[in-house]
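# Structure assessment
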Amino acid sequence: MATTRRDFLKKGTMGVSVSFLAPQLFTGNVFGAGSLPGKILVVLQLDGGNDGVNTFIPYTDRRYRELRPTLAIPEAQILEVDDRFGFHPSMERLRGLYNSRKMAFINNVGFNTLDRSHFRCRDVWQTADDSYGQVQRGITGWLGRYADLYLDQAASSLTTVAIGNRNSLGLSAEGGLSATVSSVESFDVQTNTQFPADHNAFLSSLELVYEESRTGEREEAIRKQGGDTFAAIDLLKSIPPPLPLSSYPTSRLGRAFQLAAQLAAGNVGTHAIWITTSGYDTHSNQLNLHTKLLADVSNSIAAFQEDLSARGISDRVMVLAWSEFGRRVEENASEGTDHGKAGTMFVVGDAVKGGTFYGDTVDLSNLDDGDLRTEIDFRSVYATVIRDFYGKDPEPVLKGSYANLGFLETGPALPRRVRTRR
Amino acid sequence: MTTIPWNEENAAHLLRRGGFGGTAQQIADAVEDGLDVTVGKLINYESVSLSGLELRLERQNLDIRTFDGLARWWLTRMIHSPRPLEERMTLFWHDHFATGASKVEDAGLMLRQNQLLRSRALGNFIDLTIEISKDPAMLIWLDNHTSRKEHANENYGRELLELFTLGQGFYSELDVYSAAKAFTGWTFNWIPLEFRFIPEWHDDSQKDFLGRIGNWNGDDIVRIACSEFAHGRMIASKLFAYLAYENPDNEVIDPLARIYLDSGTSIRALVGAILKSPEMYSQRALWSKVKSPIDHAVIAFRQLLLDNDNLIWSLPGALAVEGQTLFDPPDVAGWDGGLVWINSGSLLTRMNVSNGFSRIVNPARHLAGRSVTTPNQLVDLFLEILGPVRVPGKVRDALIRYVSPDGSLPSGNDLLAKQRGVVHLILSLPEWQMY
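Because the structure is predicted, anything quoted here is derived from the model rather than measured. In this convention, every chain numbers its residues from 1, walking through the sequence in written order. Chains and ligands are labelled by the order in which they are written, letters from A for the one and numbers from 1 for the other. Given that the model is predicted, a residue must reach a pLDDT of at least 70 before its local features are reported, and side-chain atom pairs must reach 80 or more before they are shown or counted; all residues, however, enter totals for whole chains, interfaces and linings.

### Let's talk about the overall build of chain A
- A run of H or I in DSSP counts as a helix once it spans at least four residues, and a run of E counts as a strand once it spans at least two, with each numbered from the N terminus. Counting secondary structure elements, chain A contains 11 helices and 12 strands.
- With C-beta atoms placed from the backbone, the exposure class of a residue follows from how many other C-beta atoms lie within 10 Å of its own: 20 or more, buried; 12 or fewer, exposed; in between, partly exposed. Here chain A holds 422 residues, and 55% of them are scored as buried.
- Restricting to contacts in chain A with at least 6 residues of sequence separation, those with at least 24 account for 72%. In this description, a residue-residue contact is defined by the distance between C-beta atoms placed from the backbone, which must lie within 7 Å.

Following this line, the structure appears as structure tokens:
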């Protein structure tokens, strides 16, 4: 039995009555009087190590075809943007966004200690800490630290949301928990339909057993997650439905972006959304695999942008796509590519100064043990987003000063004392 | 050697970690048998007959050509096998040599790998790893089946060193290249389905691997890697963390690593030593681990004496939402484990799965021979059956008030509602997510 959760849910800030208000009545003001509607960063993790060279293709570099006899995309199929680069042919819709200046690539992104390990690199990108080796207790993610420093995480149980069935290290914070949601429909407590009369007694007891704090560290963490989850149930019920005529692919990724648009439109206090899509570890049979993967990404993001525009919120949302490393430039004998170093990121949204690429061009004659060289530290990308999209000082989040890459329209001015440090 | 107090708490702990939880009767028997006999029964399981289990699997008539069917087949084994450690260790190796259906795309190959893991679950690690290196599902999963000397595919060589044998920091990029070269030409045939070595694909050159130079083949690479102390430490600490507690100190691990290496990488020797070590029964170990979704479901099934194949039918879907799809771990590193299991969606699903379990609990099976006349006794009975699990006093009070606000036990249908409801509540508790 699905709960109607009025009797169940917490007195907290979010309370119960959200769904009774017309959405326009509380736009922007539920999460703190006078605050602007929140900016929402959607992080897209291309898990496995995306091959940047075959995503934003340096098709006129003569080494491209030499190093990739079977994997080079034929020139006639490449969606050219200038005399150096072109999109992979499956990314037609993203090229449209590029042409309308809402998308940009950032070339040669990585970090100095990139070591071709999925696991370490993934952790480094998510924690923004490259001293970081093994999973350590208490380590936080870069967006988790952003939330700790700049957001009132108690104001919403959906401050940061991972879509899917796994949480993300990148959202891990000290001062709050991120929500993990795979579908809104199933996000509810079920009670025993054999005994409908017991429904209320069961729910209030469940709430009670999650109220008493625990002495065990892990038990307490689970208890808190439970309390947050109960609070998120009502909040999720208040988000608007999918738009009827949307063009999302029916893939898991398409559905994730559709849910991200609902969350963004729902004004439920969400500031960051994490979406992970996997399959990028293309050691063999790369041509087919990569074509499907990039088509899914391109079509999902393009549908997302249309959805945001239709809802009138495209100015508040941007997408940042990353992968733990790029791939080896020279193909292997399995028609695939092995783990590499620097890679290609991309950003999409109204805030992006798009239709171009940032960082130097890609030089396939000047490689680092067969891999692209890191030219831009990935934390510069984060710093640019924190500064110009969120309008906050990135230094305390990243624990260091990183160059602003200028790929976003400049955000609001920082308080003077902070600006003087830049 | 420190004496290990042998009591209900430690016996129940051993049966949770070395299996999937004991029933009240099994825990009582283990207390009676003593530690050595109980561990002996767990690890020397070959003599225990599986005929009952095989009959049940036949009766279920599962379609093991599908991944859901295969998951139901394995879940049935975990729930009903009289060799719980065999299934526990098979699951451990599935997590260690994590191979995923998403890429292998063939349930028959995954079944074959699962049977390999089961047949060598407590065998010799080097043998197991050489076999896994020849296993068709693994050859597809890490792309080695297409690896040729012209440009070796590095995927298997890298993960073999990083995840399967040594761990980060104990090999160089040169070692990765050398390992990759040594495995060139290791592929398989579909008909008949078997490992195949293609000499023309194999790189016959001298290879420098971990400082040793020779014309190494894949099995040499496994043997050399597994002779390193770092390997002993890695396997000992991973198994110790699985069975006893996480983040153990080197003083605890090093003697175990030596036992394991001195035995010629015998997994049985290592598991036996861990299960009989005082650390296994220390406060650091008891109730210190977060149940995986499978632990949550299988332990509930066993301790609640559930015998319902239809419920097993629905489990794979729920386990997927909880983050654990059998035969399809998230990547080659397996499942992260620990608190990563717990997020809002997964915790909610654990609660809802618990509702499904509680709906078919037959209280008479647990009440037989016991006198339960008050709400307190009812709550304590289920806390004992499902653990025994310790909860804060106020939580116990809340459970008692749920059963009856006025101290008298309800009757008839109302009593059944509360009996099942209290089980649903206990399985939803933060404490019960631990084991």
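### Remarks on the pairing of strand β9 (residues 317-322) of chain A
Residues and elements named next belong to chain A.
- With six of its six residues buried, β9 lies for the most part within the structure.
- Neither face of β9 is left uncovered, since the one carrying V317, V319 and A321 and the one carrying M318, L320 and W322 both have all their residues buried.
- Note that strand β1 (residues 40-47) and β9 share six bridges and pair parallel. When the sheet's bridge partners are listed, L44 is paired in β9 with A321.
- The pairing criterion for strands is at least two bridges between them, as found by DSSP. Note that β9 and strand β10 (residues 343-349) share four bridges and pair antiparallel. Its bridge partner lying in β10, V319 is registered against V348.

### Details of the pairing of strand β1 (residues 186-189) of chain B
Residue and element names in this part refer to chain B.
- Strand direction decides the pairing type here: β1 and strand β2 (residues 194-197), joined by four bridges, are antiparallel. In the sheet register, N189 faces β2, and the bridge partner there is E194.
- Counting the residues in the hairpin turn of β1 and β2 gives four residues.

### A few points about the nonpolar core
- What makes a nonpolar core is a set of buried Ala, Val, Leu, Ile, Met, Phe, Trp, Tyr and Cys residues, with links drawn between C-beta atoms within 7 Å. Counting residues in hydrophobic clusters, the biggest one holds 247 residues, and the most contacted among them are I106 and A260 of chain A together with I274 of chain B.
- The leading source of residues in this core is helix α7 (residues 252-266) of chain A, at nine residues.
- Setting aside residues up to four positions removed in sequence, I274 of chain B forms contacts with L239, F240, L243, A244, L256 and M280 of chain B.

### Observations concerning the packing of helix α19 (residues 344-359) of chain B against helix α23 (residues 412-428) of chain B
All names here are of chain B.
- With axes taken as lines fitted to C-alpha atoms, and helix axes fitted only over the stretch in contact, angles between N-to-C directions fall between 0 and 180 degrees. It is at 8 Å that the axes of α19 and α23 come closest, and there the two elements cross at 150 degrees. Classified by the angle between their axes, α19 and α23 sit roughly antiparallel to one another. α23 is crossed by α19, and the crossing has right-handed handedness. Residues R350, M351, S354, N355, F357, S358 and R359 of α19 pack against R420, V423, H424, L427 and S428 of α23.
- Asp, Glu, Lys and Arg are counted as charged, while Ala, Val, Leu, Ile, Met, Phe, Trp, Tyr, Cys and Pro are counted as nonpolar; the rest, among them Gly, fall into the polar class. A breakdown of the residues in the contact of α19 with α23 according to their chemical character gives four nonpolar, five polar and three charged. Any angle that falls under 35 degrees is termed roughly parallel, while one over 145 is termed roughly antiparallel, one within 65 to 115 roughly perpendicular, and all others oblique. Helix crossings get a hand from a simple test, with the near helix turned counterclockwise from the far one by less than a right angle marking a left-handed crossing and a clockwise turn marking a right-handed one.

### A short note on the sheet that holds strand β3 (residues 79-80) of chain A
Residue and element names in this part refer to chain A.
- One open sheet accounts for three strands, arranged β2-β4-β3; its pairing is antiparallel. Pairing within the sheet leaves two strands with one partner each, and these edge strands are β2 (56-57) and β3.
- Bridge count between β3 and strand β4 (residues 86-87): two bridges; the pairing is antiparallel. Residue L79 lies in a different strand from β4, and its bridge partner there is F87.

### Re the interface of chain A and chain B
- With 46 residues of chain A at the contact, the number on the chain B side is 51 residues.
- Among the elements of the structure, α3 (118-127), β7 (179-181), α5 (199-209) and α6 (217-237) of chain A are those that each provide at least two residues to the side of chain A that touches chain B.
- By residue class, the composition of the side of chain A that touches chain B is 15 nonpolar, 21 polar and 10 charged.

### A few points about the confidence of the model for chain B
- Residues with a pLDDT of 70 or more make up 100% of chain B, whose mean pLDDT is 97.
- Both scores are given for the predicted complex: the pTM is 0.92, the ipTM 0.96. Residue-level confidence of the predictor is what pLDDT reports, using numbers from 0 through 100.

### A closer look at unusual backbone geometry
- Cis rather than trans, the peptide bond between I191 of chain B and P192 of chain B has omega equal to -10 degrees.
- Mapped onto the fold, P192 of chain B is located in the loop between β1 and β2.
- Cis geometry marks the peptide bond from G387 of chain B to P388 of chain B; its omega dihedral reads 5 degrees.
- Note that P388 of chain B resides in the loop between α21 (375-385) and α22 (393-403).
- You will see that R101 of chain A, though not glycine, has its phi angle at about 65 degrees, which is positive.
- Its location among the elements puts R101 of chain A in the loop between α2 (92-99) and β5 (103-110).
- Taking the number of C-beta atoms within 10 Å as the measure of exposure, R101 of chain A has 13 and is therefore partly exposed.
- Of note, L305 of chain B is a non-glycine position whose phi angle comes to about 55 degrees, a positive value.
- Take L305 of chain B: it is sitting in the loop between α17 (293-303) and α18 (309-321).
- For L305 of chain B, a count of 14 C-beta atoms within 10 Å translates into the label partly exposed.

### Some points on the confidence of the model for chain A
All names here are of chain A.
- In this model, chain A carries an average pLDDT of 89, and 87% of its residues clear a pLDDT of 70 or more.
- Contacts of residues 1-35 to residues separated by more than four positions or lying in other chains number 54 contacts, the stretch itself having pLDDT below 50.
- Low pLDDT (under 50) marks residues 417-422, which in the prediction has four contacts with non-local residues, meaning those over four places away or in another chain.

### Here we look at helix α15 (residues 250-262) of chain B
Residues and elements named next belong to chain B.
- In this analysis, the expected span of each helix is defined as 1.5 Å times one less than the number of residues it contains. Taking 1.5 Å per residue as the helical rise, α15 with its 13 residues ought to reach 18 Å, and the 17 Å between its terminal C-alpha atoms agrees with that figure.
- Considered for burial, the residues of α15 that qualify are I253, L256, A257, Y260 and L261. One side of α15 holds all its buried residues, which, seen down the axis, span an arc of 135 degrees. Turned more than 90 degrees from where α15 packs its buried face, E251 and D262 sit exposed.
- Those residues of α15 hidden inside the fold are in contact with α14 (229-243) and α16 (267-275).
- Taken from the residues just after α15, G264 is the one with a positive phi, measuring 75 degrees. In this context, the arc is that of the directions from the helix axis out to the C-beta atoms.

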